[in-house]
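The lines below spell out each chain.
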Amino acid sequence: MPLLTQTIVSLDRDIGFPVRRLLPTRQARRVGPFVFLDHMGPAHFAAEGSAGDVRPHPHIGLATVTYLFSGAMMHRDSLGTVQRIEPGAVNLMTAGSGITHSERVPADIRQQGVAVEGMQLWLALPDELEECEPAFAHYPAEDLPRWNQAGVELNLLIGAGWGRLSPVAYPLPVFYASAVMPAGARLTLPEGVDELAAYVASGELDLDGAVLGSNQLGLLRTGQGGELLALSDSRVMLLGGTPPASPRYLDWNFVSSNRDRLAQARADWIAQRFPMVPGETEFIPL
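Here the residue numbering is sequential within each chain, running from 1 through the sequence in written order. In keeping with the model being predicted, local features are shown solely for residues with a pLDDT of at least 70 and side-chain atom pairs are shown and tallied solely at 80 or more, while totals for entire chains, interfaces and linings include all residues. To get the side-chain values, take all heavy atoms of the structure and skip hydrogens and water.

- Per an unreviewed UniProt entry, the protein is named Pirin family protein, and its organism is Chromobacterium rhizoryzae.
- Taken verbatim from the UniProt record of the protein, the Sequence similarities (unreviewed entry) comment is "Belongs to the pirin family." UniProt positions are given in the numbering used here, feature names are shortened, and annotations may be inferred rather than shown by experiment.

Structure, rendered in structure tokens:
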């Protein structure tokens, strides 16, 4: 059985900055508990103005995971959180019963002309925690396992792999890691992950004779080992884990196992019943 079982090509969009969407698609609605995957940027923004800022918007039933390759973003949410995120760190925002947040480009990043690039993913919450209290956690880069393995720079973001454990806590088994691979480098895939995929943010990989190119997501066979070979200098994101017990439905920024709950969330946002971000008056209309 081949290591690469399916290839998903990104859907490119421009929402004020370039975004490549890999999940959900017709080929795959999720990988493990991951139900949404965007590769944003790289993008440079004018020194003045608000280009690239994401105005306040709501979420329910999910957790957002933000990881940057370059630049920085400023996170604000309805809990009162104000947190800058920089490359190598992880922001984990649990929406649960409902949260509102904004993501804005910091003034120094604009003025210095630094490119902003990174990954925005959504995780489904376990069935019993879909309506939990919202929460936010920030994990600085220096708190996450980072090491060189046979020439590959690995950063373990969530879960366990290669004999190491990330401090990022999540109530479902999740695996998420970054690998920077020079041409010719090899990386053995972690064991014990229920579902696994590799996203090539840049470069090109060989997977037992099959090629996975830049901006492609490869669904991988699990349970029989496997190895990635970098055909050129590559940046790879590995993700997977155990899916929630029930199917998940997505509607705009909302995720739930109950379609009626999605309709209620839409009505609540239109009626402005969601909590708002302190000090911010803008919002994204539905």
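1. Focus on the overall build of the protein
Consideration 1: In terms of regular secondary structure, the protein is built from 2 helices and 26 strands.
Consideration 2: Each radius of gyration is computed over the set of C-alpha atoms, and the globule rule expresses the reference value as 2.2 Å times the number of residues to the power 0.38. Taken over C-alpha atoms, the radius of gyration comes to 18 Å for the protein, in line with the 19 Å a tight globule of 286 residues would show.
Consideration 3: Across its three principal directions, the C-alpha atoms of the protein cover 55 × 45 × 35 Å.
Consideration 4: Three exposure classes are used, based on accessible area relative to the maximum for each residue type with a 1.4 Å probe and protein chains only: buried under 20%, partly exposed in between, and exposed over 50%. Buried residues in the protein amount to 55% of all 286 residues.
Consideration 5: For the protein, contacts bridging at least 24 residues in sequence account for 70% of all contacts bridging at least 6.
Consideration 6: Carbon and sulfur atoms provide 49% of the accessible area of the protein, an area that totals close to 11,900 Å².
Consideration 7: In this tally, Asp and Glu contribute negative charge and Lys and Arg positive charge; neither His nor the terminal groups of the chain are included. Where a charge sits is defined by one atom per residue type, namely NZ (Lys), CZ (Arg), CG (Asp) or CD (Glu). Charge separation in the protein, taken as the distance between the mean sites of 21 positive and 31 negative side-chain charges, equals 5 Å. A helix here means a DSSP run of H or I that spans at least four residues, while a strand means a run of E at least two residues long, and both kinds are numbered starting from the N terminus. Residue contacts follow a heavy-atom distance rule, with two residues in contact if any of their heavy atoms lie within 4.5 Å. Calculation of accessible area relied on Shrake-Rupley with a 1.4 Å probe; when residues are assessed, cover is drawn exclusively from the protein chains displayed.

2. A few points about the UniProt feature "domain: Pirin N-terminal" (unreviewed entry) in the protein
Consideration 1: UniProt marks residues 17–123 with the feature "domain: Pirin N-terminal" (unreviewed entry), using the numbering shown here.
Consideration 2: The straight-line gap between the two end C-alpha atoms of residues 17–123 is 23 Å; of that span, 6% is helix and 55% is strand.

3. So, the sheet that holds strand 1 (residues 4–9)
Hydrogen bonds between backbone atoms are what pair the strands of a sheet, whose relative direction is either parallel or antiparallel.
Consideration 1: A pair of strands counts as paired when DSSP detects no fewer than two bridges linking them. Read across the open sheet, the 7 strands follow the order 1-22-19-24-17-14-13; overall the sheet is antiparallel. With one partner strand each, in any of the chains shown, strand 1 and strand 13 (146–149) form the two edges of the open sheet. If you compare each strand with its neighbour and ignore which way they point, the axes differ by 25° on average. In this description, a line fitted to the C-alpha atoms serves as the axis of each element, helices being fitted only across the stretch in contact, and the angle between N-to-C directions of two axes falls anywhere from 0 to 180 degrees.

4. Here's the deal with the environment of Arg 261
Consideration 1: Inspection of the secondary structure puts Arg 261 in helix 2 (residues 259–270).
Consideration 2: For the pair Arg 261 and Gly 61, spaced 200 residues apart in sequence, the C-alpha to C-alpha distance is 9.5 Å.
Consideration 3: Ignoring any residue separated from it by four or fewer positions in sequence, one finds Arg 261 in contact with Ile 60, Ser 97, Glu 131 and Ser 256.
Consideration 4: There is a polar contact of 2.7 Å between the side chain of Arg 261 and the side chain of Glu 131. What qualifies as a polar contact is a pair of N or O atoms within 3.5 Å, subject to a donor-acceptor requirement within protein and to the restriction that residues adjacent in sequence count only when both atoms come from side chains.

5. Quick word on a nonpolar patch on the surface
Consideration 1: Patch criteria: residues need more than 30% relative accessible area and no salt bridge. Like-charged residues are merged within 9 Å; nonpolar side chains of Val, Leu, Ile, Met, Phe, Trp and Tyr are merged within 5 Å. The term salt bridge refers to a side-chain nitrogen of Lys or Arg lying within 4 Å of a carboxyl oxygen of Asp or Glu. Judged by side-chain polarity, Trp 252, Ile 270 and Leu 286 come together as a nonpolar surface patch covering roughly 280 Å² of accessible area.
Consideration 2: Inspection of the secondary structure puts Leu 286 in the segment after helix 2.

6. Quick look at the UniProt feature "binding site: Fe cation" (unreviewed entry) in the protein
Consideration 1: In this numbering, the UniProt entry assigns the feature "binding site: Fe cation" (unreviewed entry) to His 57, His 59, His 101 and Glu 103. In terms of the greatest pairwise C-alpha distance, the residues named above, spread along 47 residues, form a tight cluster of at most 13.5 Å across.
Consideration 2: Following the sequence through the fold, His 59 ends up in strand 5 (residues 54–59).
Consideration 3: Setting aside residues up to four positions removed in sequence, His 59 forms contacts with Thr 64, Met 93, Ala 95, Gly 98, Ile 99, His 101, Trp 122, Asn 253, Phe 254 and Phe 274.
Consideration 4: At 3.4 Å, the side chain of His 59 and the side chain of His 57 are in polar contact.

7. Brief notes about unusual backbone geometry
One can expect most non-glycine residues to show negative phi and most peptide bonds to be in trans.
Consideration 1: A cis amide bond links Leu 23 to the next residue, Pro 24, at an omega of -5°.
Consideration 2: Note on placement: Pro 24 falls in the loop between strand 3 (18–23) and strand 4 (34–43).
Consideration 3: Here the amide bond leading from Gly 41 into Pro 42 is cis, since omega sits at 5°, within 30 degrees of zero.
Consideration 4: One non-glycine residue, Trp 252, lies in the positive phi region at around 55°.
Consideration 5: Within the secondary structure, Trp 252 sits in the loop between strand 25 (249–251) and strand 26 (254–256).
Consideration 6: What makes Trp 252 partly exposed here is its relative accessible area of 31%.
Consideration 7: The backbone phi angle of Gln 272 is positive, close to 60°, even though this residue is not glycine.
Consideration 8: According to the relative accessible area criterion, Gln 272 is exposed, its value standing at 54%.

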